Each structure stands twice: as C-alpha cells, then as structure tokens.
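# Coordinate inspection notes
Read off the chains here:
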Amino acid sequence: MSDQQNIAYRIEGGYPVNGEITCLGAKNFAIKAMVTALLGDSPTTLTNVPAIGDVDITAELLASVGATVTRTAQNTLTIDPTTMNTSIIPIPHSGGNRAPILLLSTLLHHFETVSVPVVGGCQIGARSVDYHLDAIRQFGGIVDETGDGYVAHKVEHLKAAHIHLPYPSVGATETCLFLSVLAEGRTVISNAAIEPEIFELITMLRSMGAIIFTSPGRKIRIDGAKHLTGTRMEVFGDRIEAASWAALACASDGNVTVHGIRPDTLGNFLSYFQKVGGGIELKGPNSIRFFRKETLRPTIIETDVFPGFSTDWQQPFAVLLTQADGTSIIHETVYEKRFGYLKDLETLGARTQVVTHCLGDADCRYRDRNYDHSAIIMGPTPLTATDSITIPDLRAGLAYVIAAAIAHGTSTIKGIHYLERGYGNIVPRLVEMNLKIERVTVEQDSLDTEREMKTIDG
Ligand code: EPU
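Residues numbered from 1 in each chain as written. Predicted model: local features only at pLDDT ≥ 70, side-chain atom pairs only at ≥ 80, totals over all residues. Heavy atoms only, no water.

## Quick notes on the packing of helix α3 (residues 99–108) against helix α5 (residues 170–181)
Packing of α3 against α5 brings their axes to within 8 Å, and their N-to-C directions diverge by 15°. Put simply, α3 runs roughly parallel to α5. Read as a crossing pair, α3 and α5 show a hand that is right-handed. Facing α3, whose interface residues are Ile101, Leu102, Ser105 and Thr106, α5 presents Gly171, Glu174, Thr175, Phe178 and Leu179. Broken down by class, the residue content of the contact of α3 with α5 amounts to four nonpolar, four polar and one charged. (Axes fitted to C-alpha atoms, helices over the stretch in contact; angles between N-to-C directions. Helix = DSSP H or I, 4+ residues; strand = E, 2+ residues; numbered from the N terminus. Parallel < 35°, antiparallel > 145°, perpendicular 65-115°, else oblique. Left-handed = near helix turned anticlockwise from the far one by under 90°. Contact = heavy atoms within 4.5 Å. Nonpolar A, V, L, I, M, F, W, Y, C, P; charged D, E, K, R; others polar.)

## A closer look at helix α6 (residues 196–207)
For α6, spanning 12 residues, the distance from its first C-alpha to its last is 17 Å, which sits close to the expected 16 Å at 1.5 Å a residue. Every buried residue of α6 is listed here: Pro196, Glu197, Ile198, Glu200, Leu201, Ile202, Met204 and Leu205. In the segment just after α6, Gly209 is the residue with positive phi, at about 110°. (Expected span 1.5 Å × (residues − 1). Buried < 20%, exposed > 50% of the residue type's maximum accessible area, 1.4 Å probe, protein only.)

## Here we look at the environment of Pro316
By secondary structure assignment, the location of Pro316 is in helix α9 (residues 314–321). Sequence-wise, Pro316 and Ala246 are 70 residues apart; in three dimensions their C-alpha atoms are separated by 9.0 Å. Apart from the residues lying within four places of it in its own chain, the contact partners of Pro316 are Ser244, Ala247, Ala399 and Ile402.

## Structural notes on the pattern of salt bridges
By the definition in use, this model includes 16 salt bridges. Residue Arg239 pairs with Glu197 through a salt bridge whose shortest N-O separation is 2.9 Å. Of the two residues, Arg239 sits in helix α7 (residues 239–251) while Glu197 sits in helix α6, which places them 42 residues apart along the sequence. Take Arg239: its relative accessible area is 6%, and that puts it in the buried class. For Glu197, a relative accessible area of 6% translates into the label buried. A salt bridge links Asp312 to Arg338, with the shortest nitrogen-to-oxygen separation between them at 2.7 Å. Placement of Asp312 in the loop between β17 (300–302) and α9 and of Arg338 in the loop between β18 (327–331) and α10 (342–345) is noted, with a sequence separation of 26 residues between them. Grouping residues by exposure puts Asp312 and Arg338 together as buried. Through salt bridges with shared partners, a single network forms among Arg186, Arg221 and Asp223. (Salt bridge = Lys/Arg side-chain N within 4 Å of Asp/Glu carboxyl O.)

## Quick notes on the sheet that holds strand β11 (residues 211–215)
Pairing in this open sheet of four strands is mixed, and the strands run β9-β10-β12-β11 from one edge to the other. The open sheet has two free edges, formed respectively by β9 (162–164) and β11, since each of these has just one partner strand. This sheet shows a mean twist of 15° between the axes of neighbouring strands, independent of strand direction. Relative to strand β12 (residues 219–223), β11 runs antiparallel, the two being bridged by five bridges. By the bridge assignment for β12, Ile211 is matched with Asp223. Contacts from α5 reach β9, β10 (186–190), β11 and β12, with the element oriented near 20° to β12. Against the sheet, α6 engages β11 and β12, with an angle of about 150° to β11. (Pairing = 2+ DSSP bridges.)

If you want it as structure tokens, here you go:
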C-alpha cells in the first residue's frame, strides 16, 4: 500500500459552510486540451490547468511519446509536440484515465502505427470504447484490440467520414473531432455531444487553424486542414466542482460564493437547485452565491446529456436530497452502475433504496436491463458522523465530503487519493470556508485496500 493510500480526511461536521471558493480549471477539459496540443506543429500553452492527479497522469502519457510538457508557471503548462518520437505508449503499472483512447486518434495523424494501453476510469459501468474504434475505422484506420490495449494503423492519410454516433458520447465526439480536423475532406458528425467541454475543444481547435462549423441538432461539420499550429488556451472553470459547492452550501444551510464559474456551463443545474429550495445570486460574470432559500423540497431528477442534469452532479445532489422534506427520486440514464456510493451514505443515517426500474421517462441507455436504474431518497434525515467510510469513485468522494460536513460529529473518509485525482487542494480551500477538515494518516484494513485497487478516476 502506498503512503498516499494511508491518508484520510477527518471532518468535524454539523456547521454551516460559509465563504468564498474559486473553481479550479475543469478536469474534463484540461486533459483533452493537453491531448489536443499534440495536433499542433508548434508548442501550446494552457493556463488555469488544475493541479490534480489526472493532469499528472496525462502529462506522463504525453511525455511517454516524447512530447515536452513543462510547468512554466503555477497552473500553466506548455506542451511541445515537436519532440514526439514514438507512438507506442507503454502499459502503465496501475491506474490510468480516459486519455489513452483519445491519444489513439490524435497520434494516428503523426504515425503509421499507434499503440495505447486500455482506458481507465471510475467503475461506474462498462464504459466501452466501441464508438471510438468504429470512428477510427470509418476514417480509414485499422484497429486491433489486444488484451491490454489498442493498436491502430493507417496505410494512407486519414480520409473524412460521415459519422452518426449511436449516442452523443462526449469522448467519441472528441475522437471524431481529433480524427477529422487533419483528415482529407469534409467530415460530418451527427448526434454529437454538445457539452460545454466540447464547445471549448472546438474553440481551441479553431484557434489552431481547424475549420469547424456547428449547427443546431447536434451536427458538426469539419473541413480537414493541412496542418494545425500551437495555441494558447485557458481552461474554463469546473462545472462539476461548482455544482458540488452549491450542494455543500445548501445542504449545510450555509452560504458560499463560487468564483471562476461561467453560469451558462451549469445548464439546467441552476433550475433544479432552485426547485429544491436553493437560492442563487449572480455576483458577477463568473461568480454565483449559493445558499438555502427555503425548506428543501423533494424532487425527481433524471440524469442526461447536456443541457440536462449531468450524471456527474448526481452524487453531491443526492446528499442534498437527504435533507429535503419528503421522498426524492434519481433516475440515472448515462451509467449502469452509478449508485454504489449510496450504501455507505446509509452509515451516516441517509435512507435510500436503489431499484432496478427506470423511475422516469427519459431515454435510459440501459432500459429493461437488470441494473440499478433509480434511487429513492427519503428525507429529511439528520446525518451523524461515521468512522468507516471509504470512497468508491471520484464523484462519490466529494459527495462523502459534503455528507461528512453536514453530519454531526467527526467522520473519517478513506480512499481520498482517488478524490484527489479530480479535485485539487481540497483541504485548504474548504478550511477557508470554515469547514473543520484535515488530512490525517490512518491504518486501512485489507477490505478497503482491495476495494480501492478496483477504483480509478473519471
Ligand atoms: N459509451 C459507449 N461506447 C463508447 C463511448 C461511450 O457505450 O464508445 C457509453 C458509456 O459507457 C456511457 C455513455 O456512453 O454509458 C456516456 O459516455 P461518454 O463517452 O459520454 O463519457 P466519457 O467521455 O467516457 C466523460 C467524462 C465523464 C462524464 C461523461 C458524460 C471525462 C474524462 N469523463 O466521459 O466524467 O460522466 O463524459 O458527461 O471527460 C467524471 O468526471 O467523474 C466522469 C465520469
């Protein structure tokens, strides 16, 4: 067990959380922007890059193909792709993230053969990469799946394609963009993802010289360019963090002003938040104050692709719903295994039940299949501290921090190294808002360790 796995958060909860916090750069754009930099023929500078584990993993992947990644200032990375000298990424010893599958298409523009390890990510479903592999084939690439990775070849320059995605997958849309911007001819991606991270990626690619047209109805048209240049791009504020701080403020009956967040990136979240009784006040173009406005009401939430309620907001919101006056329902439609964290919330006093029915009519990717589709949350339940809670996946991690913050007494949360892959500098930022949280060293039992071996970040 590494030293890091012995570290836990100890939180003395039961007090309102008040103050100001600045969202770090979005994890789910930062790692994509780092991969995108490899498409340029000169260095790219990225600012507001969060200091989180997932960025370090991606930097290692880029360095493993010879790209030069330099932290030129705090939160600023310069990536020089001109030093790239191989396209064979070694199989990692442990962990991983979603970047390898994106590197497969990116590197295929520069090399005839590319080999990447299997993709990591939270154990929240099968998280297949079939759309990515199909897209590479439609652009003329040949892909083999080996037990521990993927190998792609090309015999000639990649050719544009018309791709209809079976589902508006974020990652597969990114792969199609990466393939198309330097492919020969005009590509059309239909049923594309339209998450804010996708639009930021399009902006970044355009600034590198890509010709990309968006239009209503999830359609993106790309006219392949001969080459792209390096650029300078700021990573926008993390909308998953922002929603979590909103849930923390409201659940603890506190008052938190979140800076560094564009309200438009929160989509329908602000409406759901107010529907349950939360209050918002826009304090500036990138600042929102979140608080509890009235007695919290139960609600029905169905996770969805943007602009719907993001699956990554589900866990912190579930903690908020434990404080609502009545029975709430969450229908998870994106991942088939994203309720694993609820069991442990019960040790703090939450009352929840997971059912295999779709309680809602939103399109569910796994309808009629035997998974836990919906969760029923009975509130309000006062939460009390626990000494034995272990984080099962990244987003559940922050949900547990929120739960411990509102629970009376002192809780210990283990497995925080997974949380810290996606959230930076948690303790000092929360201490600033008067949350009694510290990082401590603890003993872990073998059960915890075995469980953690199976989890990696989102
Ligand atoms: N899917 C397939 N085949 C594919 C691709 C996706 O079946 O080839 C399925 C997935 O299994 C899933 C659904 O489509 O059920 C959505 O997957 P998507 O490709 O949209 O997700 P992703 O690109 O792998 C990113 C974020 C996730 C976030 C989703 C949805 C990153 C690194 N991860 O994943 O974030 O939940 O989009 O918005 O960008 C997190 O940050 O904790 C996290 C899980």
